[in-house]
Amino acid sequence: MRLRLPRNAVCSNVLGTAQLINRALYRQLYSSPLDSEYDRLYPGHIPTTPVQKALLAVGSGAAALQNPYRHDMVAVLGETTGHLALVRLRDRMRNDPEGYAILTERPRIRLSTLDLAHLAALPEGSFGREYLRFLDENRVTPDTRADVKFVDNEELAYVMQRYREVHDLLHTLLGMPTNMLGEVAVKWFEAAQTGLPMCILGAALGPLRLSSSRLRTLAASLGPWALRSGSRARCVLSVFYERRWDQSLDELREELGIELPPPLTLTSTKKANTAHAGLVS
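Nothing here was measured: the structure is a model prediction, and the numbers come from that model.

Chemist: Now, about the overall build of the protein chain: what can you tell me, with residues and values included?
Modeler: Along the backbone of the protein chain there are 14 helices and zero strands. Reading the protein chain from its N end, one meets helices and strands in the order α-α-α-α-α-α-α-α-α-α-α-α-α-α. Within the protein chain, counting contacts between residues at least 6 apart in sequence, those at least 24 apart form 76% of the total.

Chemist: Pulling in residues and values, what's your account of the packing of helix H4 (residues 83–94) against helix H8 (residues 154–165)?
Modeler: Packing of H4 against H8 brings their axes to within 9 Å, and their N-to-C directions diverge by 90°. Considering the angle they form, H4 stands roughly perpendicular to H8. When H4 is examined against H8, the residues His83, Leu86, Val87, Leu89, Arg90, Met93 and Arg94 are found in contact with a partner set consisting of Glu155, Leu156, Val159 and Met160.

Chemist: Let's hear about unusual backbone geometry: which residues, and what values?
Modeler: Leave glycine aside and you will find that most residues have negative phi; peptide bonds, for their part, are mostly trans. A positive phi angle, near 55°, is found at Arg106, a position not held by glycine. In this fold, Arg106 is placed in the loop between helix H5 (97–105) and helix H6 (116–121). Looking at Arg106, the relative accessible area reads 25%, which means it is partly exposed. In this structure, Arg139 takes a positive phi of about 55° despite not being glycine. With respect to the helices and strands, the residue Arg139 is situated in the loop between helix H7 (127–138) and H8. Relative accessible area serves as the criterion here: at 68%, Arg139 is assigned to the exposed category.

Chemist: Would you mind going over the packing of aromatic side chains in detail, with residue names and values included?
Modeler: Applying the stated criterion across every chain, the model contains three aromatic pairs. Note on Phe127 and Tyr241: the rings are 5.8 Å apart at their centroids and 40° apart in plane angle, and the pair reads as tilted. Of the two residues, Phe127 sits in helix H7 while Tyr241 sits in the loop between helix H12 (212–232) and helix H13 (249–256), which places them 114 residues apart along the sequence. Note on Tyr131 and Trp245: the rings are 5.5 Å apart at their centroids and 10° apart in plane angle, and the pair reads as stacked.

Chemist: Let's hear about the pattern of salt bridges: which residues, and what values?
Modeler: For the coordinates displayed, the defined rule picks out 26 salt bridges. Between Glu259 and Arg232 there is a salt bridge, and its shortest N-O distance comes to 3.8 Å. Placement of Glu259 in the loop between H13 and helix H14 (269–279) and of Arg232 in helix H12 is noted, with a sequence separation of 27 residues between them. A single salt-bridge network, built from bridges that share partners, covers Asp96, Glu98, Arg234, Arg244 and Glu255.

Chemist: Account for the nonpolar core, with residues named and values stated.
Modeler: Core analysis: the largest hydrophobic core is formed by 63 residues, its most contacted members being Leu173 and Tyr241. What Leu173 contacts, discounting residues up to four positions off in sequence, is Phe127, Tyr241, Leu249, Leu252, Arg253, Leu256 and Ile258.

Chemist: Got a sec to walk through H7? Specific residues and values, please.
Modeler: Taking 1.5 Å per residue, twelve residues should reach 16 Å; H7 reaches 16 Å between its end C-alpha atoms and fits that length. Within H7, nine of the twelve residues are buried, leaving the element largely enclosed by the surrounding structure. Of all the positions in H7, only Phe127, Gly128, Arg129, Glu130, Tyr131, Leu132, Phe134, Leu135 and Asn138 are classed as buried. Positive backbone phi, approximately 55°, marks Arg139, located one or two places after H7.

Chemist: Could you give me a rundown of the side chain of Gln161, with the residues and numbers involved?
Modeler: Examined against the element boundaries, Gln161 turns out to sit in helix H8. Ignoring anything within four residues of it in the chain, the contact list for Gln161 reads Arg108, Arg110, Arg145, Ala146, Asp147 and Val148.

Chemist: Summarise the packing of helix H2 (residues 50–66) against helix H3 (residues 71–81); cite the residues concerned and give the values.
Modeler: Remark: H2 packs on H3, axes separated minimally by 8 Å, with the N-to-C direction vectors making an angle of 145°. Along this stretch, H2 crosses H3, giving a crossing that reads as left-handed. Mapping the contact onto sequence places Lys53, Leu56, Ala57, Ser60, Gly61, Ala63 and Ala64 in H2 and Met73, Val74, Val76, Leu77, Thr80 and Thr81 in H3.

Chemist: Quick rundown of the side chain of Glu130? Include the residues and the values.
Modeler: Here Glu130 shows up in helix H7. On the basis of relative accessible area, Glu130 is assigned to the buried category, the value being 18%. Residues within four places of Glu130 in sequence aside, it is in contact with Glu124, Gly125, Thr172 and Leu249.

Chemist: Describe the confidence of the model for the protein chain, naming the residues involved and giving the relevant values.
Modeler: In regions of low pLDDT, the predicted coordinates are not meant to be interpreted in detail. For the protein chain, the average pLDDT comes to 85, and 80% of its residues sit at 70 or higher. Low confidence marks residues 1–15, where pLDDT is under 50. Its contacts with residues over four positions away, or in another chain, come to four contacts. Below a pLDDT of 50 lies the segment residues 266–271, which in the model reaches nine contacts outside its immediate sequence neighbourhood of four places, other chains included.

Thresholds, definitions, all that
Residues numbered from 1 in each chain as written. Predicted model: local features only at pLDDT ≥ 70, side-chain atom pairs only at ≥ 80, totals over all residues. Heavy atoms only, no water. Helix = DSSP H or I, 4+ residues; strand = E, 2+ residues; numbered from the N terminus. Contact = heavy atoms within 4.5 Å. Axes fitted to C-alpha atoms, helices over the stretch in contact; angles between N-to-C directions. Parallel < 35°, antiparallel > 145°, perpendicular 65-115°, else oblique. Buried < 20%, exposed > 50% of the residue type's maximum accessible area, 1.4 Å probe, protein only. Phe/Tyr/Trp six-rings, centres within 6.5 Å; stacked < 30°, edge-to-face > 60°. Salt bridge = Lys/Arg side-chain N within 4 Å of Asp/Glu carboxyl O. Core = buried A, V, L, I, M, F, W, Y, C linked by side-chain atoms within 4.5 Å. Expected span 1.5 Å × (residues − 1). Left-handed = near helix turned anticlockwise from the far one by under 90°. pLDDT = per-residue confidence, 0-100.

Structure, rendered in structure tokens:
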């Protein structure tokens, strides 16, 4: 008689094996000394072979599927699968005067680089004031963004880092909260904008965690709006946001080609922050 395992058991075994491979490879990469500092293209860089990248992608993808709130695994998945999309994004930035300035100056969005007093003094409706409001109301900070490790090109690593650090700015531009529905809408926008496999995967799987009523909202209005805005808008990585704090949020939206969002019901901050932690990396 042939023993048949339940489908859930087979899936669990596959995911478990993938995660074991991922943990073993992680230990090897973090414990093996590099031949020389020359191997490091930027601080924190961990060089990997194509085979190692593939194993990391499988393991991190399995871990992210099992637990979408593992932002560390989502980050690894993005770095190990995003090369072609990062090249396209880098080229778009190079061909835009503002984007080229960003690639040249390499600004970072951290609490240490933000003048919070200046943002708080800006008028209501300005981009900087609304961004600060988003951080305060959702109790989030830009310092939670993980540093890039597995992108084997210094310039592309910065593009990935910039993508992560403007995520909260996109929430402000799109008017989306940090609950699961808001995060999925932002992921749909990012998928259309960036073409990053991680964003496409998040956009495809995120709706599975929505209630039926929110899924209807996503399908009827929020999803089409996010895809339309993401595909039509100017490259959001080519905007020097640090020089736009004083600008009206509505004016900046109009300049970038982002439509006003449809109405969206908020949820509690605690639930919203849980969703935000898992889907932003």
